[in-house]
Amino acid sequence: MPTFEYAPAPESRAVVDVDSTYGLFINGDWVDGRGTAFKTVNPATEEVLADIHEASPDDVDLAVKAARTAYTRVWSRMSGADRGKYLFRIARILQERAREFAVLETLDNGKPIKETRDVDIPLAAAHFFYHAGWADKLSYAGYGPDPRPHGVVGQIIPWNFPLLMLAWKVAPALATGNTIVLKPAETTPLTALLFAEVCQQAQLPPGVVNIVTGAGDTGQAIVDHPGIDKIAFTGSTGVGKMIARSIAGTRKKATLELGGKGANIVFDDAPIDQTVEGIVRGIFFNQGHVCCAGSRLLVQETVADEVVRRLQRRLSTLRVGDPLDKNTDVGAINSRAQLDRITSLVDAGEAEGAERWDNGCALPQRGFWFRPTLFSGVTQTHRIAQEEIFGPVLSVLTFRTPQEAVAKANNTPYGLSAGIWTDKGSRILWMADQLKAGVVWANTFNQFDPTSPFGGYKESGYGREGGRHGLEAYLKGSI
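What counts and how
Residues numbered from 1 in each chain as written. Predicted model: local features only at pLDDT ≥ 70, side-chain atom pairs only at ≥ 80, totals over all residues. Heavy atoms only, no water. Helix = DSSP H or I, 4+ residues; strand = E, 2+ residues; numbered from the N terminus. Rg over C-alpha atoms; globule rule 2.2 N^0.38 Å. Areas by Shrake-Rupley, 256 points an atom, 1.4 Å probe, with all protein chains shown as cover. Pairing = 2+ DSSP bridges. Axes fitted to C-alpha atoms, helices over the stretch in contact; angles between N-to-C directions. Contact = heavy atoms within 4.5 Å. Parallel < 35°, antiparallel > 145°, perpendicular 65-115°, else oblique. Nonpolar A, V, L, I, M, F, W, Y, C, P; charged D, E, K, R; others polar. Buried < 20%, exposed > 50% of the residue type's maximum accessible area, 1.4 Å probe, protein only. Core = buried A, V, L, I, M, F, W, Y, C linked by side-chain atoms within 4.5 Å.

A short note on the overall build of the chain
Summing up its helical and strand segments, the chain has 15 helices and 20 strands in all. Its C-alpha atoms give the chain a radius of gyration of 22 Å, near enough to 23 Å, the size a compact globule of 479 residues would have. In terms of overall dimensions, the chain has a C-alpha envelope of 65 × 50 × 35 Å along the principal axes. As presented, the chain carries roughly 18400 Å² of accessible surface, and 50% of it is formed by carbon and sulfur atoms.

Here you go:
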C-alpha cells in the first residue's frame, strides 16, 4: 500500500495571547486566589503555558455569594427572552473567536487542531444557540406551566473536552435562569478562563457566571458549600460516587455524567470500509479521551479476521504528532498521570494473554504520547475489557449470535454508549432495545447534536444533558 508524506501544515499560535498568570473570575472581575498556584502545561511539549491561581474554600464562598446575589437580584427576575439574548450573544462571540479558542484548546489539551476547529468549538457555539431558543419557551418544555430554576449551580467539568463540556453545562443552566460557579479541570483551565472574557464581552451581568480554578479540593468545596442548590459533574465514576455520598441527605440535586466502556458491535452484513472508519472515530478520536468511546469492539466471528486486517491497515495511516499540525490525526495524551494509567492497563492486557498490535509510528521526544493500539484475543475477564482505559486502545472480542453480542455488550458496570453496525434495520431496533446504554448509535459513532440528550445508566451516572430532556436537570416544579 503506497504511503504519502504530508508537508507540515501548522496552525499559528499568534492568534491567541496566553497570559503568564490567571486569577479567578468572580462577580464579573478577576481576583487573586488564596490557594497554592499551579501550572498548566502543553502536553505535546511539556512547556509551561501559565500559572493558575487555586481557589480556596473562602474563594469558593465569595463566588457562591456573588452567584446568589446575581440570581436573586437580576437573573431570576429577567424574562426568558432577555436571558436568551445573552446566550445568543455568547454564541456569536464564540463563533467570531473560534480560531482563537481552537488554538488555545489544542495548546492546553493536546488534541489535534482539526478536532478543536471542526468539532469542539462549533459544537460549543451550537449549544448556546440551541439553548438560547429555549429560554423563553420553558413553559412548553413539558415540566409544568411555570417551571423555576434551582438557583445557584455548581459545575465541575473534565479535561477531555474543556470548552464543549463547559457549553453543555453553562448554556442550559443560564437558559433556565440559574447562576453558576464553575470549576474547569486543573490540567485544562485556559479555555474556561478565556470564556470568562466572552462573558465580559457579552456584558453578562456580574456574578451570573463565576469561574474558579483548582484541583480536587476546590471541587469538593463547591460540592460541600451550603449555598449550592445543584451539582453538575462530568468525570470519573470514582469521583462521581464521592459527590453522590457528599450530597446524600441534603436538598442538593445532581446530574452525574461518568465513565464508560462502550461496545461497538459489528455484524457480518455491515459495510466493512464504512464500519472501519466508524471504529476509528469511535476510539481514536481525541486520543480515546472520550467517556463514550467505543473501546470494546465486538465483531461477528465470520468477519472478525477481515475487520481486524482492514483496521490495522487503516491505523497504519493515522498520523501521530504535533497537535497544531492540521495533518495530525492523533495528538498528545493530556497528562503524564493519564499516560501512566494507559501504559499500566496496556501492560496488564499483555500480561493476561491478549495480543497487542500498534501502528509502530515514530513518537516525538518530548510530551506525552501513545500509539494507536488494538488488542485481539481479548476475553470478558481481561482488565482491558472491563476497566475504562481512556486512551487510544481498542479491545477486540468476537460473538456468534445477536443474543451473545447483547450479553457481552451489557456485561460491564457501565452503561453510557453503544454502536451497532448492520444492514438490517430490524436488527438495529431490536439491539437498541436490548442494550443497557444511554446512547446507541446505528452505523455511526460519536455523533453529537445539541438537540439530542446524552447520559448513561448504572455506573455511567444519571441525568441527561442536551435536548429538551437536558433542561429538566436545571428546573424544578412550578410554584
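From this point, the discussion proceeds with the structure in view.
Topic: the sheet that holds strand S13 (residues 296-300)
Strand order in the open sheet made by the seven strands is S14-S15-S16-S13-S12-S17-S18, with mixed pairing throughout. Only two strands of the sheet have a single partner each, and these edge strands are strand S14 (355-358) and strand S18 (439-442). Going across the sheet, the axis of each strand differs from the next one's by a mean of 20°, ignoring polarity. With four bridges joining them, strand S12 (residues 263-266) and strand S17 (residues 417-421) adopt parallel strand pairing. Bridge pairing in S17 links Ile265 to Ile420. Lying over the sheet, helix H9 (residues 272-284) contacts S12, S13, strand S15 (373-376), strand S16 (393-399) and S17, oriented at roughly 135° with respect to S16. Seen against the sheet, helix H10 (residues 304-315) touches S12, S13, S14, S15 and S16 and runs at an angle of roughly 135° to S13.

A short note on the packing of helix H3 (residues 98-109) against helix H6 (residues 190-201)
Axis separation between H3 and H6 bottoms out at 9 Å; the angle between their running directions is 155°. Judged by the angle between their axes, H3 and H6 are roughly antiparallel. Across from Glu100, Phe101, Leu104, Glu105 and Asp108 in H3, the residues of H6 making contact are Leu190, Thr191, Leu194, Phe195 and Val198. Looking at side-chain class alone, the contact of H3 with H6 contains six nonpolar, one polar and three charged residues.

Re unusual backbone geometry
The residue Gln287 is not glycine, and still its phi comes out positive at about 60°. Since its relative accessible area comes to 0%, Gln287 is described here as buried. In the Ramachandran plot, Asn446 falls in the positive-phi region, its phi being about 55° despite a non-glycine side chain. Examined against the element boundaries, Asn446 turns out to sit in the loop between S18 and strand S19 (461-462). Looking at Asn446, the relative accessible area reads 2%, which means it is buried.

What to know about the sheet that holds strand S1 (residues 21-22)
Pairing within the open sheet is mixed, and its three strands lie in the order S1-S5-S4. The two strands at the open ends of the sheet, each matched to only one other strand, are S1 and strand S4 (38-42). Summarising the sheet, S4 and strand S5 (residues 47-52) pair through five bridges and their orientation is antiparallel. Along S5, the bridge assignment pairs Asn42 with Glu47. Against the sheet, H3 touches S4 and S5, its axis set at about 105° to S4. Where H6 meets the sheet, it contacts S1, S4 and S5, and its direction lies at approximately 50° from that of S5.

Notes on the nonpolar core
One recurring pattern in soluble globular proteins: nonpolar side chains tend to sit buried together. By size, the foremost hydrophobic cluster in this structure holds 102 residues, and its most contacted members are Phe128, Phe195 and Val209. The biggest single contributor to this core is helix H5 (residues 162-175), with 11 residues. In this structure, Phe128 is in contact with Leu87, Ile90, Ala91, Leu94, Ala167, Val170, Ala171 and Phe195, ignoring residues within four places of it in sequence. One finds Ile342, Leu345, Phe399 and Ala405 within the second-largest nonpolar core, a separate group that totals 29 residues.

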